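Spelled out, the chains give:
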Amino acid sequence: MAEYLIGMDVGGTSIKWSLYAREGAEVADAPLAKGSIPTGKGKQGFPESVREGVLAALNKAKPHTVIAVGLCTPGRFLPPDFEVVAPNTAHNLCPPNARHELDNAPLKQMLRDVMPDNLPLYADNDAVVQMLGLLSSKAIDRQID
């Protein structure tokens, strides 16, 4: 039975999601389904919009076959546990009248708390996720050889 992964890219105005098949250790190059929803704002609106995107992707997969969600988001995460958002780094996820609402917030835990069916969520800063994707890319392997 195929398993699926949901990838999400968070922007200040929209959250784009894609559903990918996984066979063994290989993830398909092309998504099976894609979608986009508006980005909710603040401590309540943002996590709920992520949940809405996950539910939309789940509707495109066979029941109980999605094994994880990967999400890249604005906001730099602070050591030691890289769970808390650094001040002034996630203001585009906040309402205009509360630009610092997510400063020092445990954003990753807030997002994990809204995952349907306790789906595992892996979240990080968008630049970190881009670099990890580049480093693990098949294309980079071909350039090095």
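You'll find the structure just up there.
Residues numbered from 1 in each chain as written. Predicted model: local features only at pLDDT ≥ 70, side-chain atom pairs only at ≥ 80, totals over all residues. Heavy atoms only, no water.

A. View of the environment of E23. Its place among the elements puts E23 in strand β2 (residues 14-23). Considered as a pair, E23 and A90 are 67 residues apart in the sequence and their alpha carbons are 35 Å apart. (Helix = DSSP H or I, 4+ residues; strand = E, 2+ residues; numbered from the N terminus.)

B. Geometry of helix α1 (residues 42-58). In a regular helix each residue adds 1.5 Å, so 17 residues correspond to 24 Å; α1 covers 24 Å between its end C-alpha atoms and thus fits that length. Along α1, the positions that sit buried rather than exposed are G42, F46, P47, S49, V50, G53, V54 and A57. What you see down the axis of α1 is that its buried residues fit within an arc of 155 degrees, all on one side. Where α1 is buried, its residues meet β1 (3-10), β2, β4 (33-38), β5 (66-73) and α2 (107-113). (Expected span 1.5 Å × (residues − 1). Buried < 20%, exposed > 50% of the residue type's maximum accessible area, 1.4 Å probe, protein only. Arc of directions from axis to C-beta. Contact = heavy atoms within 4.5 Å.)

C. Summary view of the pattern of salt bridges. A complete count under the given rule lists two salt bridges for this structure. Across the pair E3 and R22 runs a salt bridge, and its minimum N-O distance is 2.6 Å. Residue E3 is found in strand β1, and its partner R22 is found in strand β2; the two are separated by 19 residues along the sequence. Accessibility expressed as a relative area gives 28% for E3, which makes it partly exposed. (Salt bridge = Lys/Arg side-chain N within 4 Å of Asp/Glu carboxyl O.)

As far as function goes, none of this settles anything; it's purely spatial.
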